[in-house]
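# Tertiary structure, described
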Amino acid sequence: MDNRPIGFFDSGLGGLTTIPYLAEQLPEEKVVYFGDTARTPYGSKAVSTIRQFSMEIADFLRTHDVKMIVTACNTVSATCLDLLREKYPDIPIIGVIEPAAEAVARICSESNNIGIIGTKATISGGAYDAAIGRHKEGLSIYSEACPIFVPLIEEGILGNEITTLAIKYYLDRFIYSNHIDTLVLGCTHYPLIREEIDRLYPGLTIVDPSREVIGAIESVLRERDMLAKDSTFENTFYASDLSENFINMINTIFEESEFKVAFKNLEL
Ligand code: DGL
């Protein structure tokens, strides 16, 4: 048993989409979350910059004595996982891409057309193609970077005609010309526009890394006998800029749940 919290981080509020799944599947676990809202988005920045930011945040999470770090960000998972694992060999570091790739390999066959959407950094590095390929060969995989989605979501522009236009701008041609039947939401912000994607493209099988990562967290904690039990730690959410949307999002996500939240600015 290990009652220390799990550290989660993202460039902003996207990584929060993992937390309800954690609460559902591993309700005993507690969380320290860091959203780098002052420097979001990461996905259009240079890999060296994303690595620098990620190391700073991992250092900060370590000051909270976390038992594990979850990079609740596909962009960080695509570009920084090896580096972080090298720097902190003493704690498990889990990314979101590997568990989602496993899910794709489990549910898809050669007859499927798989679409991966994500940030520029995630898509250009080909991390999903490589991860899926490690589990199953011969699958048809198509990718599309959708760089405008994260700024819109961080701004709270959701469920209106601007969101619809942005989704159609990136996905209409991508989905129809490639006959996509399975779509991987390769950015943890995207579950926040999932309803709209479902509405515009009914019948797609959606793979959500924010959900898939919880199984990976559970197996590692179970294997190492590190699951929490009756922890009194209070779930804590930090942001480098306490934007109204970050606070609103936490309130929306935790509405009617037993999660308590505390806000605090972090001077990086
Ligand atoms: N949630 C991050 C991801 O999963 C968004 C990255 C960004 O800030 O562009 O990729």
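Residues numbered from 1 in each chain as written. Predicted model: local features only at pLDDT ≥ 70, side-chain atom pairs only at ≥ 80, totals over all residues. Heavy atoms only, no water.

## As for the packing of aromatic side chains
- In total, this model carries 9 aromatic pairs according to the counting rule given.
- Aromatic pair tyrosine 33 and phenylalanine 246: ring centres 6.1 Å apart, planes at 35°, arrangement tilted. Within this pair, whereas tyrosine 33 is found in strand E2 (residues 31-35), its partner phenylalanine 246 is found in helix H11 (residues 244-253), the two being separated by 213 residues in sequence.
- Taken together, the aromatic side chains of Phe149, Tyr169, Tyr170 and Tyr190 make up a single cluster linked through ring pairs.
- Note that arginine 39 overlies the ring of phenylalanine 53, its terminal NZ or CZ placed 3.7 Å from the centroid. (Phe/Tyr/Trp six-rings, centres within 6.5 Å; stacked < 30°, edge-to-face > 60°. Helix = DSSP H or I, 4+ residues; strand = E, 2+ residues; numbered from the N terminus. Lys NZ or Arg CZ within 6 Å of the ring centre and 35° of its normal.)

## Digging into the packing of helix H2 (residues 47-62) against helix H3 (residues 74-87)
- Orientation of H2 relative to H3, taken along the N-to-C sense of each, is 55°, at an axis distance of 9 Å. Taken together, H2 and H3 sit at an angle that is classed as oblique. When you trace H2 past H3, the crossing you get is right-handed. Residues Val47, Ile50, Arg51, Ser54, Met55, Ala58 and Asp59 of H2 form the contact with H3, whose own contacting residues are Thr75, Val76, Thr79, Cys80, Leu83, Leu84 and Lys87.
- Taken together, the residues of the contact of H2 with H3 break down into 8 nonpolar, 3 polar and 3 charged. (Axes fitted to C-alpha atoms, helices over the stretch in contact; angles between N-to-C directions. Parallel < 35°, antiparallel > 145°, perpendicular 65-115°, else oblique. Left-handed = near helix turned anticlockwise from the far one by under 90°. Contact = heavy atoms within 4.5 Å. Nonpolar A, V, L, I, M, F, W, Y, C, P; charged D, E, K, R; others polar.)

## Regarding the side chain of asparagine 178
- Relative to the helices and strands, asparagine 178 is located in the loop between helix H8 (161-177) and strand E7 (182-186).
- When near neighbours in sequence (up to four residues on either side) are disregarded, asparagine 178 contacts Asn113, Tyr142 and Arg173.

## Describing the environment of aspartate 90
- By the secondary structure assignment, aspartate 90 is in the loop between H3 and strand E4 (93-95).
- Its relative accessible area of 51% is what places aspartate 90 among the exposed residues.
- Aspartate 90 sits 23 residues away from lysine 67 along the chain, and the two C-alpha atoms are 9.4 Å apart. (Buried < 20%, exposed > 50% of the residue type's maximum accessible area, 1.4 Å probe, protein only.)

## Brief notes about the pattern of salt bridges
- Applying the stated criterion across every chain yields a total of 15 salt bridges.
- Across the pair arginine 39 and glutamate 56 runs a salt bridge, and its minimum N-O distance is 2.9 Å. Within this pair, whereas arginine 39 is found in the loop between E2 and H2, its partner glutamate 56 is found in helix H2, the two being separated by 17 residues in sequence.
- Taking the shortest distance from any N to any O, the salt bridge between aspartate 172 and lysine 168 comes out at 3.1 Å. Taken together, the positions of aspartate 172 and lysine 168, both in helix H8 and 4 residues apart, correspond to about one turn of that helix.
- Given a relative accessible area of 34%, lysine 168 falls into the partly exposed group. (Salt bridge = Lys/Arg side-chain N within 4 Å of Asp/Glu carboxyl O.)

## Structural notes on the nonpolar core
- If you look at the biggest cluster of nonpolar residues, it comprises 50 residues, and the most contacted ones within it are Phe8, Leu171, Tyr190, Ile197 and Ile217.
- Once residues lying within four places of it in the same chain are set aside, the contact partners of phenylalanine 8 are Thr18, Ile19, Leu22, Val31, Val32, Tyr33, Phe34, Leu61, Val70, Ala72 and Ile217. (Core = buried A, V, L, I, M, F, W, Y, C linked by side-chain atoms within 4.5 Å.)

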